[in-house]
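Fold and contact review
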Amino acid sequence: MKVMILAALVSTAALASDNDLRHRPKSFSTPAGKAVFVDFHEANYNITYDITKGQAFVQAQIKFTAPEAGLPIFDSVTAPTRLQLNGKDVTAVETQTPARETTLRVVSANVSEGNHVLQMELPLTALVEFKNGTVKSAFWTSDLASRQFLERYLPANFEFDQVKMNFQVNLIGAKEGHKIYTNGVLGKARNGTSAAISYPPYYTASSIFFHITPASAVEERRSSLRSIDGRELPVTVYHQKGLFSTPGNLANLEKQTAAIFHELEKDYGAFPHPGIIVYNAGQGGMEYCGATMTSAQALGHELFHSYFARGFMPANGNSGWVDEALASWRDKGYSSIAQLSGTSAMSSHPYYNRITDMQAYTFGERFMSLLDNKLKAKGGLKPFMRYIIEKRIFSPMFVEEFATEMGQFYGTSVEAEFKQYTFGRSSGRPVNTKHVENKFHPKMTLEELKTYL
Ligand SMILES: [Zn+2]
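These remarks concern the structure in this document. Note that residues are indexed from 1 along each chain, following the sequence as it is written. Only residues with pLDDT of at least 70 are given local features in this predicted model, and only at 80 or more are side-chain atom pairs given and counted; all residues enter the totals for whole chains, interfaces and linings. Just so you know, side-chain values use all the structure's heavy atoms and leave hydrogens and water out.

We now examine the overall build of the chain. Here a strand is any run of E in DSSP of at least two residues, a helix any run of H or I of at least four, and the numbering for each starts at the N terminus. A tally of regular secondary structure across the chain gives nine helices and 22 strands. Overall, the chain is about 65 × 60 × 55 Å in size when its C-alpha atoms are taken along their principal axes. A burial count over the chain gives 57% of its 453 residues as buried. In this analysis, two residues are considered to be in contact whenever any of their non-hydrogen atoms come within 4.5 Å of each other. Look at the contacts in the chain between residues 6 or more apart in sequence, and 73% of them connect residues 24 or more apart. As presented, the chain carries roughly 18,600 Å² of accessible surface, and 54% of it is formed by carbon and sulfur atoms. His residues and chain termini do not enter the charge count, which takes Lys and Arg as positive and Asp and Glu as negative. Charge positions are represented by NZ for Lys, CZ for Arg, CG for Asp and CD for Glu. A gap of 2 Å separates the mean positions of the 46 positive and 43 negative side-chain charges of the chain. The buried label goes to any residue with under 20% of its type's maximum accessible area, the exposed label to any with over 50%, and the partly exposed label to all in between, with areas taken from a 1.4 Å probe on protein chains only. Each accessible area is a Shrake-Rupley result for a 1.4 Å probe, and residues are judged covered by the shown protein chains and nothing else.

Structure, rendered in structure tokens:
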């Protein structure tokens, strides 16, 4: 039995890597040479909050495979203070992609095809707050602007890449107990000063929910939900004291979570993640694998994303609209329309785009309603959604693959529809300004997010 389990694990890892390679962006030329996207397979992050000094810093070790020779690419909004490639000191240059879609970091030393190790040190300053012998810190993300996934906090790869990630979290000089809320496996805290967290190998730069806070700052309720597949899933709902902490709030959230959970399981099958964390904060919310930071109003939208976005995963910015269109289609009551005028560029922004086009919530929702109507005789869109979750769970995909899978499922091509309505002419990149923002995912600055730490 042990042997069989091991074989199964090995083959899942191999599949993840194959899928990574199939979705890896193309290399491009820079003045220093050819920049190549590589396949991270393991990333170990040692995260230290030195409360005494009021400083946080990260040591990262990234094991990766270069499928071709060149200058390896990674991303980190914060510049590393020290960087080593295979044990030798190197530097990395912040570089724009060819059509200036986004910025990333290119290591200034060539690697051969094969396995290598990057090690780096950098300060952690985004969303960290030290106060009276305590620390609050979170790795909250957004796909409405570039470089707001894990790379905002830790060195990471683009969203196509599934990486086995591990955290070692250290606290120095804490004057009281802290809690960590996360969607990984949290090891036993050692002396209350350090904790290890292990995340599943299918996680990407947009999967992790991580929040550390003084225990006295929050209130929580724990319960469990029975999945249709027999699992008993642990559920944690929590809020910050004094922010949303009205009497009965946590009990209400728990009830609402249970109702949405059963609705989603009925429509799309067993919940894809081993548990649920709901942090009630913010206006609107953001989704993670089996977790969300959200307002009560957006809870259904965000938990839906545990299936579409963080179960069925986008492999690049131009496929990010699919899950938002599906979520909005649910929000608006799964409507069906016979006609749709106009087009959009949701699928056709320049190649290295990393942002979700906000038209997803409006035009994208209409487009799903149109597809539902077209496929009405075959049960509409929902049976396909259930099928794609079962077939392609945790394997990031492009919008083109989504359209092909849909066509194959119904035995009738939908490629012409995707072309007509989502591959219109792009004006350069999605224009996600504040005034067109969606109520479920408002654009928030780091300063605004700090309120919810
Ligand atoms: Zn959404």
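Criterion for a salt bridge: a side-chain nitrogen of Lys or Arg within 4 Å of a carboxyl oxygen of Asp or Glu. Here the structure, examined in full by the defined rule, presents 26 salt bridges. One salt bridge connects R105 with E94, and the closest N-O pair in it is separated by 3.3 Å. On the criterion of sequence distance, the pair formed by R105 in strand β9 (residues 103-107) and E94 in strand β8 (residues 92-96) is long-range, its members being 11 residues apart. The class for R105 is buried, based on a relative accessible area of 6%. Here R310 ties to E159 by a salt bridge, and the two come within 3.8 Å at their closest N and O atoms.

By the convention used here, strands pair only if DSSP detects at least 2 bridges between them. Ordered in space as β1-β2-β5-β9-β8, the five strands form an open sheet in which the pairing is mixed. What marks the edges here is a single partner per strand, and that holds for β1 (28-30) and β8. On average, each strand axis in the sheet is inclined to that of its neighbour by 40 degrees, with strand direction left out of account. Relative to β9, strand β5 (residues 71-74) runs antiparallel, the two sharing two bridges. Think of each axis as a best-fit line through the C-alpha atoms, taken over the contacting stretch in the case of a helix, with angles from 0 to 180 degrees between the N-to-C directions.

Glancing now at the layout of surface pockets. Its volume calculated, the largest pocket comes out at about 430 Å³. For the largest pocket, the lining is made up of 22 residues, of which T182, N183, G184, P234 and I277 are closest to its centre. Residue assignment for the lining of the largest pocket shows that the elements contributing at least two residues are β14 (178-182), β15 (185-186), β19 (232-240) and β20 (276-280). Across the lining of the largest pocket, the residue classes tally to 12 nonpolar, eight polar and two charged. A cavity here means a set of points on a 1 Å grid, drawn over the protein atoms and nothing else, where a 1.4 Å probe fits but cannot get out; a pocket is an open set with protein on both sides within 12 Å along at least five of seven lines, and a residue lines either one if it has an atom within 4 Å of a point. Grid points are joined across faces, edges and corners, and a volume is the space filled by probe spheres set on the points. Any residue that is not Ala, Val, Leu, Ile, Met, Phe, Trp, Tyr, Cys, Pro, Asp, Glu, Lys or Arg is counted as polar, Gly included; the first ten are nonpolar and the last four charged.

Moving on: the environment of A345. Within the secondary structure layout, A345 lies in the loop between α4 (320-331) and α5 (363-374). For the pair A345 and Q359, spaced 14 residues apart in sequence, the C-alpha separation works out to 8.7 Å. Sequence-distant contacts of A345, defined by excluding residues within four places in its chain, comprise D357, T422, G424, R425 and S426.

On to the nonpolar core. Buried Ala, Val, Leu, Ile, Met, Phe, Trp, Tyr and Cys residues form a nonpolar core when they are joined through side-chain atoms within 4.5 Å. With 69 residues, the main nonpolar core has Y45, Y49, F139, W140, F167, F209 and F210 as its most contacted residues. Formed by 50 residues, the second largest nonpolar core is a distinct cluster that contains L299, F312, L326 and M385.

The next point concerns the coordination of the zinc ion. We call an atom a donor if it is N, O or S and sits within 2.8 Å of the metal, or 3.2 Å for Na, K and Ca. Water is not counted, so some sites may look partial. Distances from the zinc ion to its protein donors, namely H301 (NE2), H305 (NE2), E324 (OE), E324 (OE) and H441 (NE2), fall within the range 1.8 to 2.6 Å. Between consecutive donor residues of the zinc ion, the sequence gaps follow H-x3-H-x18-E-x116-H. With a gap of 140 residues between them, H301 in helix α3 (residues 299-304) and H441 in the loop between α8 (415-422) and α9 (446-450) connect regions that are remote in the sequence. Comparing H301 with H441, the two get one shared label, buried.

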